[in-house]
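Overview (structure and organization)
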Amino acid sequence: TNSHPMWPNAAKAAQELDLPAKRIKDAVGFTPQLFRPPYGNLKATTTALARKRMMPIIYWTGTGGDTATHSPQRVANAAIAGIRPGAIILLHDIQPHTMRAVPAILDAAKKKGFTLVTVSELLRKYEEYEIAHPKPVTPPKPEKSAKPIKGKVAETKKAIAKSKPVATATKA
């Protein structure tokens with residue numbers, strides 16, 4: 001989004017998606033296809049509009065905490081603590097202290113043996129993995145046997161079972 005409003009109206013929400021999309025397309029030649037909701041707010045009008053436009057909503061698994069501190073070292077430490085396979089670490093590129101933390105974060109990821117990819121690439125790799133490693137289909141559980149009948153019906157059935165057979169007359 002352009003200015004990260006928490007609760008924009010519909011017109012502002014459209015502007016928040018359209019203006020950055022145009023700027024990114026002008027700068028690098030493609031339109032963004034993914035959406036990270038500001039503040040993680042799934043109920044905002046901007047998020048609803050992104051959903052309507054069929055933009056996948058992207059969340060993060062860890063953060064550098066760069067809105068809570070101005071220390072590049074603290075940002076780096078927090079981000080590095082969140083590095084694991086498939087992780088998406090939230091950092092804000094408009095923060096100067098975040099930009100100073102990035103080299104340490106990248107070095108740590110590489111030392112841990114990770115390959116850094118875009119979110120789009122991560123999603124593609126995940127999809128490829130899912131196709132190559134399908135989850136086994138679990139057969140349905142068998143139905144539980146019926147519970148014993150309680151009350152008067154059960155008493156009646158017991159009485160019938162204990163009764164002596166009645167002789168009937170038949171014509172020969």
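Check the entry above for the structure.
Residues numbered from 1 in each chain as written. Predicted model: local features only at pLDDT ≥ 70, side-chain atom pairs only at ≥ 80, totals over all residues. Heavy atoms only, no water.

1. Here's the deal with the nonpolar core
Residues Val75, Ala76, Ala79, Ile80, Ile83, Ala101, Ile105, Ala108 and Ala109 constitute the largest nonpolar core, which totals nine residues. Elements supplying a minimum of two residues to this core: helix H3 (72-81) and helix H4 (96-111). Here Ile105 is in contact with Val75, Ala76, Ala79, Ile80, Ile83 and Leu91, once residues within four sequence places are set aside. Of all hydrophobic cores here, the second largest spans seven residues; its members include Leu17, Phe35, Ala50 and Met55. (Core = buried A, V, L, I, M, F, W, Y, C linked by side-chain atoms within 4.5 Å. Buried < 20%, exposed > 50% of the residue type's maximum accessible area, 1.4 Å probe, protein only. Helix = DSSP H or I, 4+ residues; strand = E, 2+ residues; numbered from the N terminus. Contact = heavy atoms within 4.5 Å.)

2. Describing unusual backbone geometry
Both trends apply: most residues other than glycine have a negative phi, and most peptide bonds are in trans. Phi is positive for His4, which is not a glycine, with a value near 60°. By the secondary structure assignment, His4 is in the segment before helix H1 (10-28). In the Ramachandran plot, Met54 falls in the positive-phi region, its phi being about 65° despite a non-glycine side chain. Within the secondary structure layout, Met54 lies in the loop between helix H2 (45-52) and strand E1 (62-63). Judged by its relative accessible area of 70%, Met54 falls in the exposed class.

3. Let's talk about the packing of aromatic side chains
To describe a pair of aromatic rings, one takes the distance between the centres and the angle between the planes. Inspection of every chain in the model, using the stated rule, returns one aromatic pair. Centroid distance Tyr59 to Trp60: 5.1 Å. Interplanar angle 10°. Geometry classified as stacked. What makes Trp60 partly exposed here is its relative accessible area of 24%. (Phe/Tyr/Trp six-rings, centres within 6.5 Å; stacked < 30°, edge-to-face > 60°.)

4. Considering a nonpolar patch on the surface
The grouping of Met6, Trp7 and Tyr39 at the surface amounts to a nonpolar patch, some 390 Å² of accessible area in total. In this structure, Met6 sits in the segment before H1. Note on Met6: relative accessible area 36%, which makes it partly exposed. (Patch = residues over 30% accessible without salt bridge, like charges linked within 9 Å, V, L, I, M, F, W, Y side chains within 5 Å. Areas by Shrake-Rupley, 256 points an atom, 1.4 Å probe, with all protein chains shown as cover. Salt bridge = Lys/Arg side-chain N within 4 Å of Asp/Glu carboxyl O.)

5. Concerning the pattern of salt bridges
Taken as a whole and judged by the stated rule, the model has five salt bridges. Close ionic contact of Arg53 with Asp18 constitutes a salt bridge, the shortest N to O distance being 2.6 Å. Placement of Arg53 in the loop between H2 and E1 and of Asp18 in helix H1 is noted, with a sequence separation of 35 residues between them. Taking the relative accessible area as the measure of exposure, Arg53 reaches 37% and is therefore partly exposed. With its nearest N and O atoms 2.8 Å apart, the salt bridge here joins Lys22 to Asp26.

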